[in-house]
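A structural walkthrough
Given next are the chains, with one letter for each unit.
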Amino acid sequence: MPTCLPAAAPDPGRRQRGLIFLFLGMVSTALDASIQAIYARGDMDLLLSSPFPRHAIILVRLTAIAVSVCVGGALLALPLANAFVLLGHRDWLVAYVTIPSLACSRPPPV
């Protein structure tokens, strides 16, 4: 006589672990892009000596880094979120708000 296995209880920490993984990936990408923007490219002295305001130059660099981090995270997570939404899990729609929020956030001070 076949018996059905009971449905597995949902793991409440699974989504949090996924968000932590995505956030850590975004932070490491942002740190790498920041280091490259400041040191590796070598054009910061030239940009800061230009007639444009310094805060505008740094704001543009930070915005470019945030957009690149957001796009990277979106390419990783949104296809999965789309698949889950198509399977009926509408709570995955929050990924469209969470990913840009994670990309523009900063880690707490140590």
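The structure presented is a predicted model; accordingly, all values stated were derived computationally and were not measured.

**Focus on a nonpolar patch on the surface**
Among the surface-exposed residues, L93, V94, Y96 and V97 lie close enough to one another that they form a single nonpolar patch of about 360 Å² accessible area. Tracing the sequence through the fold places Y96 in helix α4 (residues 95-104).

**A few points about the packing of aromatic side chains**
One pass over the structure, following the stated rule, counts one aromatic pair. Look at F84 and W92: their rings are 4.7 Å apart centre to centre, the planes differ by 25 degrees, and that puts the pair in the stacked class. Its relative accessible area of 31% is what places F84 among the partly exposed residues.

**Notes on the layout of surface pockets**
Space inside the second largest pocket adds up to approximately 440 Å³. Lining the second largest pocket are 22 residues, and of these A30, L31, S34, L62 and I65 sit closest to its centre. Per-class residue counts for the lining of the second largest pocket are 17 nonpolar, three polar and two charged.

**Overview of the environment of L76**
With respect to the helices, strands and loops of the structure, L76 is situated in helix α3 (residues 54-86). Taking C-alpha positions, L76 is 8.5 Å from L22, a pair spaced 54 residues apart along the chain. Excluding residues that lie within four positions of it along the chain, L76 makes contacts with F21 and L22.

**Thoughts on α4**
Of all the residues in α4, the buried ones are A95, T98, I99, L102 and A103. In a view along the axis of α4, the buried residues occupy a sector of 130 degrees, so they form one face of it. Turned more than 90 degrees from where α4 packs its buried face, V97 and C104 sit exposed. Summarising the contacts, the buried residues of α4 are in contact with α1 (14-40) and α3.

**Side note on α1**
Under the 1.5 Å per step criterion, the end-to-end length of α1 is 37 Å for 27 residues, consistent within 8% with the ideal 39 Å. Looking only at α1, the buried set comprises L22, M26 and A37. The inward-facing, buried residues of α1 abut α2 (44-48), α3 and α4. Looking one or two places after α1, you find G42, whose phi comes out positive at around 75 degrees.

What counts as what
- Residue numbers here run from 1 along each chain, matching the order of that chain's written sequence.
- Under the rules for a predicted model, residues below a pLDDT of 70 receive no local features and side-chain atom pairs below 80 are neither given nor counted, while totals for whole chains, interfaces and linings still include all residues.
- Processing note: side-chain calculations cover all non-hydrogen atoms of the structure and skip hydrogens and water entirely.
- Two distance rules govern patches: like charges are joined within 9 Å, and nonpolar side chains (Val, Leu, Ile, Met, Phe, Trp, Tyr) within 5 Å, applied only to residues with over 30% relative accessible area and no salt bridge.
- Surface exposure here means Shrake-Rupley accessible area, sampled with a 1.4 Å probe, where a residue is shielded only by the protein chains that are shown.
- For salt bridges, the criterion is a side-chain nitrogen of Lys or Arg within 4 Å of an Asp or Glu carboxyl oxygen.
- Comment: elements are numbered from the N terminus, with helices defined as DSSP H or I runs of at least four residues and strands as E runs of at least two.
- Whether two aromatic rings pair depends on their centres lying within 6.5 Å, for rings of Phe, Tyr and Trp, where Trp uses its six-membered ring; planes under 30 degrees apart make the pair stacked, over 60 edge-to-face, and the rest tilted.
- Remark: exposure states derive from per-residue accessible area (1.4 Å probe, protein chains only) relative to the maximum for the residue type, with buried under 20%, exposed over 50%, and partly exposed in between.
- Only protein atoms enter the 1 Å grid used here. Points where a 1.4 Å probe fits but cannot escape make up a cavity, open sets with protein on both sides within 12 Å along at least five of seven lines make up a pocket, and a residue lines them when an atom lies within 4 Å of a point.
- Grid points are joined across faces, edges and corners, and a volume is the space filled by probe spheres set on the points.
- Residue polarity follows a fixed list, in which Ala, Val, Leu, Ile, Met, Phe, Trp, Tyr, Cys and Pro are nonpolar, Asp, Glu, Lys and Arg are charged, and the others, Gly among them, are polar.
- In what follows, residue pairs with any heavy atoms lying within 4.5 Å of each other are defined as contacts.
- The arc refers to the directions leading from the helix axis to the C-beta atoms.
- By this rule, a helix spans an expected 1.5 Å times one less than how many residues it contains.

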